[in-house]
Amino acid sequence: MTGKKTGEKPNGSSKDKSPTSNGGPMNIDKELRTIYVDALASGMSEEKIRRCFLSEVYGQARLQKYTSLRVLGAVLLPVVLAVVFRGTIRAELSDMFHPSSMCSVDNNMYLIEIARPLNNCSAMCRGLENGVPVVENITAEDFLLNFVRPARPLLVTGVAKHWPALDVFSYDYFKNLYMSHENAVEINEEECQFFTYGSNITTMSELFNMSEKRARLEGDPWYIGWSNCEERVKKTLRQSYEHPQFIPFATSDHDNLDWIFMGASGPGAIIHLDNVGKPSWQAQIKGSKTWSLLPTAECESECPARLDVRLEKGDISKSLKPRLLKQTGNEFTLMLRKRLRHALI
């Protein structure tokens, strides 16, 4: 998300001169908030609303495939919002327009979805009729040509079983690692991302200062994720895992961020669009995890409606880009994720 630029709110004396009056963003904001309130009362599911919205957008995109998707989205968005969004929608919609913002429309998950490039559905979903391919080993060439370039998912079993990380990575390990370096937590909070997933743990400081009982998953359940930007921590982390041999170095951001996801059993994250612009690979370090992959809107007619793939300890999967997914863990689960570069893809 891009940061918001905020200014002073218009006061009474300048109201008539404000660019937000006379049908500007302020009135649009009021209309959208009214729609949002009505939507909450209607009972329509978020998933149905999302699919209606995306189908409307991508249906038009297929009819005018030579039209810029970004321009098309800008033209269709007000109509789609007024006509389609009469059911339950997320709170982000009500915050799309900000009266105090210098921008008419702030960056938003719906706008990001409209503006992203369309997937090559036939290549991405080729051979997935019977599920995600599962192999015990694979060559770098096969991986690059048949899974990275067409953005197809893959599960490689047991390839990380010899990593020291499987024995040493844990909540206590990460707590001690960050706490052992001065200001490591503060540096990571300032420079990197932290995902709460509704666990009411909003920062790394809160994560590493929770009660011992909750850390053992005996209190309120939690599931969180973060990327590491701390160089001293990175150096230590890299001693506990190695770059998978079947992933060419030219396609992997090995020197960049490590992503850690861990927490209690049950859904780790609700169904969401992982639109990061790059595919990724992830290694299951503790417990197990089931990924439910859903096609993006433009691929619904060519791809399976849902693909479930289960990762056990020591397995590595390569995921779609972008993908709609839901994660479910078994007991305590911990996963390491790395992104692939665009080079050679």
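Residues numbered from 1 in each chain as written. Predicted model: local features only at pLDDT ≥ 70, side-chain atom pairs only at ≥ 80, totals over all residues. Heavy atoms only, no water.

Engineer: I would appreciate a short explanation of the overall build of the protein chain in the present structure.
Structural biologist: For the protein chain, the count of helices and strands is 13 helices and ten strands. Within the protein chain, buried positions represent 47% of all 345 residues. (Helix = DSSP H or I, 4+ residues; strand = E, 2+ residues; numbered from the N terminus. Buried < 20%, exposed > 50% of the residue type's maximum accessible area, 1.4 Å probe, protein only.)

Engineer: Would you explain the packing of aromatic side chains in this entry?
Structural biologist: For any pair of aromatic rings, the description rests on two quantities: the centre-to-centre distance and the angle between the ring planes. The tally for this structure, following the rule as stated, stands at 18 aromatic pairs. Here the aromatic rings of Tyr173 and Phe174 are separated by 5.2 Å at their centres, their planes lie at 80°, and the arrangement is edge-to-face. For the residue pair Tyr173 and Phe174, the accessibility class agrees, reading buried in each case. Consider the rings of Phe174 and Trp226, whose centres lie 5.4 Å apart with planes at 90°: the pair is edge-to-face. You can see Phe174 sitting in helix α9 (residues 171-179) and its partner Trp226 sitting in strand β4 (residues 223-228), a full 52 residues away along the chain. Here Trp226 falls in the buried class, since its relative accessible area comes to 0%. Put simply, the rings of Phe169, Tyr171, Tyr173, Phe174, Tyr178, Phe208, Trp222 and Trp226 touch in pairs and so form one group of aromatic residues. (Phe/Tyr/Trp six-rings, centres within 6.5 Å; stacked < 30°, edge-to-face > 60°.)

Engineer: I tried to follow a negative patch on the surface on my own but got confused; where do I start?
Structural biologist: A surface patch of negative charge is lined by Glu182, Glu186, Glu189, Glu190, Glu191 and Glu206. The greatest single-element share of the negative patch, amounting to four residues, is contributed by helix α10 (residues 184-191). With respect to the element layout, Glu206 can be found in helix α11 (residues 204-207). Its relative accessible area of 37% is what places Glu206 among the partly exposed residues. (Patch = residues over 30% accessible without salt bridge, like charges linked within 9 Å, V, L, I, M, F, W, Y side chains within 5 Å. Areas by Shrake-Rupley, 256 points an atom, 1.4 Å probe, with all protein chains shown as cover. Salt bridge = Lys/Arg side-chain N within 4 Å of Asp/Glu carboxyl O. Lys, Arg positive; Asp, Glu negative; His and termini not counted. Charge placed at Lys NZ, Arg CZ, Asp CG, Glu CD.)

Engineer: In this structure, what is going on with the confidence of the model for the protein chain? I would like to understand it.
Structural biologist: In regions of low pLDDT, the predicted coordinates are not meant to be interpreted in detail. Confidence in the prediction of the protein chain, expressed as mean pLDDT, is 74, and 57% of residues score 70 or more. Model confidence for the protein chain, summarised as mean pLDDT per element, is weakest for helix α4 (residues 91-94) at 46 and strongest for α9 at 97. Overall, residues 1-26 carries pLDDT values under 50, and its contacts beyond four positions in sequence, including any with other chains, amount to 30 contacts. Below a pLDDT of 50 lies the segment residues 84-98, which in the model reaches 61 contacts outside its immediate sequence neighbourhood of four places, other chains included. (pLDDT = per-residue confidence, 0-100. Contact = heavy atoms within 4.5 Å.)

Engineer: Just to check I follow, could you spell out the nonpolar core for this structure?
Structural biologist: The tendency in soluble globular proteins is for nonpolar side chains to be buried side by side. Counting 42 residues, the largest nonpolar core has Trp163, Phe174, Leu207, Trp226, Met262 and Ile285 as its most contacted members. Counting residues per element, this core draws most heavily on α9, at five residues. Leu128, Val132, Ala151 and Cys299 belong to the second largest nonpolar core, which has 18 residues in total. (Core = buried A, V, L, I, M, F, W, Y, C linked by side-chain atoms within 4.5 Å.)

Engineer: Would you explain α10 in this entry?
Structural biologist: Two residues of an α-helix separated by three or four positions point the same way, owing to the 3.6 residues in each turn. If you check which residues of α10 are buried, you get Ala184, Val185 and Asn188. Relative to the axis of α10, the buried residues are bounded by an arc of 100° and lie together on one face. Of the exposed residues in α10, the ones pointing more than 90 degrees away from its buried face are Glu190 and Glu191. Here the buried face of α10 lies against α9, α11, β4 and α13 (231-237). (Arc of directions from axis to C-beta.)

Engineer: Is there a simple way to explain the state of the cysteines in this structure?
Structural biologist: Disulfides are covalent bonds that link the sulfur atoms of two cysteine residues. Across all of its chains, the model carries three disulfides by this definition. In this model, Cys192 is linked to Cys229 through a disulfide, with the two sulfur atoms separated by 1.8 Å. Given an S-S torsion of about 75°, the disulfide between Cys192 and Cys229 has right-handed geometry. Here Cys192, found in the loop between α10 and β3 (194-195), pairs with Cys229, found in the loop between β4 and α13; they are 37 residues apart in sequence, far enough to count as distant. The class for Cys192 is buried, based on a relative accessible area of 14%. (Disulfide = S-S within 2.5 Å.)

Engineer: Would you mind going over the pattern of salt bridges with me for this structure?
Structural biologist: A pair can form between side chains of opposite charge whenever their charged atoms are brought close. Summed over the entire model, instances satisfying the criterion amount to eight salt bridges. Between Lys234 and Glu231 there is a salt bridge, with the nearest N and O atoms lying 3.2 Å from each other. With Lys234 and Glu231 both in helix α13 and three residues apart, this pair spans about one turn of that helix. With a relative accessible area of 18%, Lys234 lands in the buried category. The salt bridge involving Asp258 is made with Lys338; its shortest N-O contact spans 3.2 Å. Of this pair, Asp258 sits in strand β5 (residues 258-263) while Lys338 sits in strand β10 (residues 323-339), and the two are 80 residues apart along the sequence. Summarising the burial analysis for this pair, Asp258 and Lys338 share the class buried.

Engineer: What is the right way to look at the pairing of strand β7 (residues 280-294) in this model?
Structural biologist: Within a regular strand, the side chains alternate between the two sheet faces. For β7, the buried fraction is high: 14 of the 15 residues fall into the buried class. Relative to strand β8 (residues 307-311), β7 runs antiparallel, the two sharing five bridges. Paired with Trp291 across the two strands is Val309, which belongs to β8. (Pairing = 2+ DSSP bridges.)

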